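These are the residues of each chain, in order.
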Amino acid sequence: MTQTSDNVTWLTQEAYNKLKGELEYLSGPARTEIATKIAAAREEGDLRENGGYHAAKEEQGKQELRVRQLTQLLQNAKVGEAPADDGIVEPGMVVTIAFDGDEDDTLTFLLASREYASDTIETYSPQSPLGVGVNGKKAGDDAEYELPNGKMAMVKILSAKPYTA
């Protein structure tokens, strides 16, 4: 789970460890693997028409971009606890809302950065229109957010509980 404030990203210890592990892999073994692929493709001859070489170089570029993203993210990360179970909507909370106050038309989602999305529950970013609309509200509150067509939608916050993996 994350909460971004200015250039600081709040991470749970679990999320931090996962990202640090990914960075270590990409900075070490993955770099060696891609360098080996590029060297093998170079030996095949003419680089202008060498699809394997160009694919490996593209893969290397994407990998290095991810290394830079992770490095920056982890440099600015603050590791903390999951949010308090106080019923207030914030990143790291599982939120249940009712559309137009209709408790038969509900949605339950995790409010968190999509990069840390869960496989078991739908995730909405705190920067999404819905995320902005519900963030800071508490159970029982009404919230309004802008739909893609420019119209406003109203939801009622039914519950907000800390996410547990």
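Residues numbered from 1 in each chain as written. Predicted model: local features only at pLDDT ≥ 70, side-chain atom pairs only at ≥ 80, totals over all residues. Heavy atoms only, no water.

A. Representation of the pairing of strand 4 (residues 93-99) within the structure. When you tally the buried positions in strand 4, you get six out of seven residues, the bulk of the element. In this structure, strand 4 lies alongside strand 5 (residues 106-111), joined through six bridges in antiparallel fashion. Residue pairing in the sheet places isoleucine 97 in a bridge with leucine 107 of strand 5. Counted along the chain from strand 4 to the antiparallel partner strand 5, the turn is six residues long, and its residue aspartate 100 has a positive phi close to 50 degrees. Looking at chain direction, strand 4 and strand 8 (residues 152-162) are connected through seven bridges and run antiparallel. If you follow valine 95 over to strand 8, its bridge partner there is alanine 160. (Buried < 20%, exposed > 50% of the residue type's maximum accessible area, 1.4 Å probe, protein only. Helix = DSSP H or I, 4+ residues; strand = E, 2+ residues; numbered from the N terminus. Pairing = 2+ DSSP bridges.)

B. Spotlight on the confidence of the model for the protein. Per-residue pLDDT for the protein averages 85, and the proportion of residues at 70 or more is 88%. Averaged pLDDT values for the elements of the protein fall to 47 in strand 1 (residues 2-5) and rise to 94 in strand 7 (residues 142-146). Segment residues 1-6 is flagged for pLDDT under 50; beyond a separation of four residues in sequence, or across chains, it makes 23 contacts in the model. (pLDDT = per-residue confidence, 0-100. Contact = heavy atoms within 4.5 Å.)

C. Quick look at the nonpolar core. Formed by 16 residues in total, the largest nonpolar core has its most connected members in Val89, Val95, Ile97, Phe109, Leu130, Val134 and Ile157. At the level of elements, strand 4, strand 5, helix 4 (129-134), strand 7 and strand 8 are the ones that each hand at least two residues to this core. Excluding its chain neighbours within four sequence positions, the residues that come into contact with valine 89 are Val95, Leu111, Val134, Asn135, Gly136, Lys137, Ile157 and Ala160. Grouped together as the second largest cluster of nonpolar side chains are eleven residues, Leu11, Leu23, Leu26 and Leu73 included. (Core = buried A, V, L, I, M, F, W, Y, C linked by side-chain atoms within 4.5 Å.)

D. Here's a closer look at the environment of proline 83. Assignment of secondary structure puts proline 83 in the loop between strand 3 (77-80) and strand 4. The spatial distance from the C-alpha of proline 83 to the C-alpha of threonine 12 is 9.5 Å, given a sequence separation of 71 residues. Setting aside residues no more than four positions away along its own chain, proline 83 makes contact with Glu90, Pro91, Gly92, Met93 and Pro162.

E. Spatial organisation of the pairing of strand 7. Taking every second residue as pointing to the same face, the buried face of strand 7 carries Ala143 and Tyr145, while none of Asp142, Glu144 and Glu146 on the other face is buried. Pairing between strand 7 and strand 8: five bridges, direction antiparallel. Counterpart to tyrosine 145 in the pairing with strand 8 is alanine 153. Between strand 7 and strand 8, which follow one another and run antiparallel, lie five residues, and glycine 150 among them has a positive phi close to 95 degrees.

F. Spotlight on the environment of glycine 131. Here glycine 131 shows up in helix 4. Residue glycine 131 is classed as buried on the basis of its relative accessible area, which comes to 0%. Separated by 40 residues in the primary sequence, glycine 131 and proline 91 have C-alpha atoms spaced 8.8 Å apart. Ignoring sequence-local partners within four residues, the contact set of glycine 131 consists of Leu111, Ser125 and Pro126.

G. Expanded view of the pattern of salt bridges. Tallying each qualifying case throughout the model produces four salt bridges. With a closest N to O distance of 2.9 Å, arginine 66 and glutamate 22 form a salt bridge. With a gap of 44 residues between them, arginine 66 in helix 3 (residues 51-75) and glutamate 22 in helix 1 (residues 13-27) connect regions that are remote in the sequence. For glutamate 22, a relative accessible area of 29% corresponds to the partly exposed category. A salt bridge links lysine 37 to glutamate 59, with the nearest nitrogen and oxygen atoms 3.3 Å apart. Here glutamate 59 lies in helix 3 and lysine 37 lies in helix 2 (residues 29-42), a separation of 22 residues in the sequence. A residue is classified by how much of its surface remains accessible, and lysine 37, at 44% relative accessible area, is partly exposed. (Salt bridge = Lys/Arg side-chain N within 4 Å of Asp/Glu carboxyl O.)

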